[in-house]
Amino acid sequence: MIVTDPPGPGRHPARSLHEALTRVVVDGGDLDSVAAEVGRVTGAGILVTSTDGRVRAGATGGSVEAALADGDWTDPSGRFRVERAASSPAPLGAGEVRLVRVVAEGTDLARLVACRTSAPFTEPEVADLELAAAIAALLITREHAVTGVENKYQADFLRDLLLGRPAHEAYVEEHLAAYGWDLTRPAVVVCAEMEPTAPDEEPVSNQQHRQWQQRFAQAWRQVVREVAAGSPLADFSSEVVCLLSVDDSDPLGRQVVRRVVEAVAGDKGGGRRSFTVGVSRTSTSWADLPGAYAQARRSVEIGRRLRGPGSTTYFDELGVHRLIALVPDHAELQAFASDVLGPLAGTTTEATDLRETLQVLLDTNFNVAEAARLQFFHYNTMRYRVGKLERLLGPLSSDPHLRLDAAVALRVLDLVP
């Protein structure tokens, strides 16, 4: 941190701040140094966050921290709720929380958050905050330029491993050592993909999509550093992929995956986008990664279809769905479902209703009494439905092979409606 003397007589605070921030840049300082200098001049707590509120740097005192805690300004994942002061300053005791956008060449990079409990910010102080935001933009741009090259090389190397591209073992081991990645420990491959824009959303530009993806990838990097330091991670432009180590107490990685996913998602505030996650089986060497990556990708695809957006799906949970997903000819799958289910493969209300009854009967091994209880039907009503299903599909209650075909056909409709 750079410490400067308080402004003396005849010395303007803004000039003092300008000189201090100039020295921060010249001396190779960071965002924490900017926050400290602005806080010293304004008597405020200063945070630098991502556009959705993930804290990157800061300098706050005990009274400000207490006031922010009392006001519930952070969500359980630690994200600062920037949206609460996005359009106008928000009260904080006798003072306020004020946000300033950190922008460079029209690109929204971050937020500078100023928090003071004693009094609102004056116009000259707001000008100081805007100056600090400009300096922060310079430092973030410089950081992106430095880390962007490193991230690209790491991402390219990880992509080659995940796709199984030929590489000499010595080459792989050399790069693993250089990046500090230990792939001899059991790990799962995790793929995370943002949801596409919904039909009722306003269309957005390609630039906006890139900004969303960059923010998404940065959130994953920050959380993984905190939860599982040293884990390989890369942004592949449309998905974020990382490897998370597991142990005997959590062989599928459920606990560590849940911690990371919940921290990245937060409370969905600050304009965060929903995302779907797929998790592979455990891999124990870099040679296992292509298969594990394919499993994670398939889990994302099938999980989104079965469970909807925002789900986390483990490959071992897919059951027969993963076999169905391997069939590339969707027309053949649809033909199979139509052949087995006949009119029940349609989209009418009656077809949907009868498919639900058929699924319950299959789940209960055609125990009519139990199926009636689960569907809140009278026993005779369920007997009537069983008769109708058998008239349409055949002797389901006595033919196990037909029941198997019907069960698979219902799963096909899950994936290929």
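**Concerning the layout of surface pockets**
(1) Moving on: Approximately 320 Å³ is the volume found for the second largest pocket.
(2) Moving on: Arg185, Ala228, Leu244, Ser245 and Val246 are the residues nearest the centre of the second largest pocket, which is lined by 19 residues in total.
(3) Moving on: Sorting the residues of the lining of the second largest pocket by element identifies β8 (240-245) and α7 (254-265) as the ones contributing at least two each.
(4) Moving on: No other element matches β8, which puts three residues into the lining of the second largest pocket.
(5) Moving on: Broken down by class, the residue content of the lining of the second largest pocket amounts to nine nonpolar, six polar and four charged.

**Some remarks on the pattern of salt bridges**
Close approach of charged atoms allows side chains of opposite charge to pair.
(1) Moving on: In total, this model carries 24 salt bridges according to the counting rule given.
(2) Moving on: The residue Glu195 makes a salt bridge to Arg304 at a minimum N-O spacing of 2.8 Å. One end of the pair, Glu195, is in the loop between β6 (187-194) and α6 (206-227); the other, Arg304, is in helix α8 (residues 289-307), with 109 residues separating them in the sequence.
(3) Moving on: Taken together, the salt bridges that share partners define one network made up of Glu193, Glu195, Glu239, Arg297 and Arg304.

**Regarding empty space enclosed by the protein**
The method is simple in principle: a probe with the dimensions of a water molecule rolls over the atoms, and the space it marks as empty is what remains.
(1) Moving on: Inspection of every chain in the model, using the stated rule, returns three cavities of 30 Å³ or more.
(2) Moving on: Taken as a whole, the largest cavity spans an internal volume of roughly 100 Å³.
(3) Moving on: Lining the largest cavity are Asp52, Met194, Trp212, Arg215, Phe216, Ala219, Val264, Ala265, Arg272, Arg273 and Phe275.
(4) Moving on: Of all the elements in the fold, those that place two or more residues in the lining of the largest cavity are α6 and α7.
(5) Moving on: Per element, the largest residue contribution to the lining of the largest cavity is four residues, and it comes from α6.

**A few points about the sheet that holds strand β1 (residues 45-49)**
(1) Moving on: The five strands lie next to each other as β2-β1-β5-β4-β3, forming an open sheet whose pairing is antiparallel. Pairing within the sheet leaves two strands with one partner each, and these edge strands are β2 (55-59) and β3 (90-92). Each adjacent strand pair in this sheet contributes to an overall mean axis angle of 25°, direction not counted.
(2) Moving on: Pairing of strand β4 (residues 95-104) with strand β5 (residues 107-116), which is carried by nine bridges, proceeds in the antiparallel orientation. Within β5, the position partnered with Ala104 by the bridge is Thr107.
(3) Moving on: Taken strand by strand, helix α2 (residues 31-42) contacts β1, β2 and β5, and its axis lies near 40° from that of β2.

**Re the side chain of Arg79**
(1) Moving on: Relative to the helices and strands, Arg79 resides in the loop between α3 (62-70) and β3.
(2) Moving on: Among the polar contacts listed, one links the side chain of Arg79 to the side chain of Glu83, at a separation of 2.9 Å.
(3) Moving on: For Arg79, the contacting residues outside a window of four places in its chain are Asp52, Gly53, Arg54, Trp73, Thr74, Asp267, Gly269, Gly270 and Arg272.

**Regarding helix α10 (residues 330-341)**
(1) Moving on: A rise of 1.5 Å per residue sets the reference length of α10, with its twelve residues, at 16 Å; its end C-alpha atoms lie 16 Å apart and thus fit the reference within 8%.
(2) Moving on: Elements that come into contact with the buried residues of α10 comprise α9 (320-325), α11 (349-363), α13 (379-393) and α14 (400-415).
(3) Moving on: Phi turns positive, to about 55°, at Gly342, one or two residues after α10.

**A short note on the packing of α6 against α7**
(1) Moving on: As a packed pair, α6 and α7 sit with axes 9 Å apart at the nearest point and diverge in direction by 135°. Regarding the angle of α6 to α7, the classification is oblique. With respect to the hand of their crossing, α6 and α7 are arranged in right-handed fashion. Counted together, Phe216, Ala219, Trp220, Val223, Val224 and Val227 of α6 and Val256, Arg259, Val260, Val261, Ala263 and Val264 of α7 form the full contact between these two elements.
(2) Moving on: Across the contact of α6 with α7, the residue classes tally to eleven nonpolar, no polar and one charged.

**With respect to the packing of aromatic side chains**
(1) Moving on: Per the counting criterion, the structure on display carries eight aromatic pairs.
(2) Moving on: Look at Phe216 and Trp220: their rings are 6.3 Å apart centre to centre, the planes differ by 80°, and that puts the pair in the edge-to-face class. With a gap of four residues between them, Phe216 and Trp220 both fall in helix α6, about one helical turn apart. Both residues of the pair, Phe216 and Trp220, belong to the buried class.
(3) Moving on: Put simply, the rings of Phe157, Tyr171, Tyr179 and Trp181 pair up and form one aromatic cluster.
(4) Moving on: One cation-aromatic arrangement involves Arg84 over Trp73; the distance from NZ or CZ to the ring centre is 4.1 Å.

**As for the environment of Glu19**
(1) Moving on: Tracing the backbone through its elements, the reader meets Glu19 in helix α1 (residues 13-26).
(2) Moving on: Sequence separation of Glu19 and Pro120 is 101 residues, and the distance between their C-alpha atoms is 24 Å.

**Remarks on the state of the cysteines**
(1) Moving on: Scanning all chains against the criterion turns up zero disulfides.
(2) Moving on: For Cys242, which is in no disulfide, the shortest distance to another cysteine sulfur is to Cys191 and amounts to 8.5 Å.
(3) Moving on: Residue Cys242 is classed as buried on the basis of its relative accessible area of 0%.

**Overview of the nonpolar core**
(1) Moving on: Ranked by internal contacts, the top residues of the largest apolar core, which has 31 residues, are Leu341, Leu358 and Leu396.
(2) Moving on: Looking at this core, the elements that each hand over two or more residues are α10, α11, α12 (368-374), α13 and α14.
(3) Moving on: Ranked by the residues each element gives to this core, the list is headed by α14, at seven residues.
(4) Moving on: The residues touching Leu396, leaving out its near neighbours within four places in the chain, are Leu358, Phe366, Leu389, Glu390, Leu402, Arg403 and Ala406.

What counts and what doesn't
- Residues numbered from 1 in each chain as written.
- Predicted model: local features only at pLDDT ≥ 70, side-chain atom pairs only at ≥ 80, totals over all residues.
- Heavy atoms only, no water.
- 1 Å grid on protein atoms, 1.4 Å probe; cavity = no way out; pocket = protein on both sides within 12 Å on 5 of 7 lines; lining within 4 Å.
- Points joined across faces, edges and corners; volume = space filled by probe spheres on them.
- Helix = DSSP H or I, 4+ residues; strand = E, 2+ residues; numbered from the N terminus.
- Nonpolar A, V, L, I, M, F, W, Y, C, P; charged D, E, K, R; others polar.
- Salt bridge = Lys/Arg side-chain N within 4 Å of Asp/Glu carboxyl O.
- Pairing = 2+ DSSP bridges.
- Axes fitted to C-alpha atoms, helices over the stretch in contact; angles between N-to-C directions.
- Contact = heavy atoms within 4.5 Å.
- Polar contact = N/O pair within 3.5 Å; in protein donor to acceptor, adjacent residues only side chain to side chain.
- Expected span 1.5 Å × (residues − 1).
- Parallel < 35°, antiparallel > 145°, perpendicular 65-115°, else oblique.
- Left-handed = near helix turned anticlockwise from the far one by under 90°.
- Phe/Tyr/Trp six-rings, centres within 6.5 Å; stacked < 30°, edge-to-face > 60°.
- Buried < 20%, exposed > 50% of the residue type's maximum accessible area, 1.4 Å probe, protein only.
- Lys NZ or Arg CZ within 6 Å of the ring centre and 35° of its normal.
- Disulfide = S-S within 2.5 Å.
- Core = buried A, V, L, I, M, F, W, Y, C linked by side-chain atoms within 4.5 Å.

In short, the description is geometric, and any link to function would need to be established separately.
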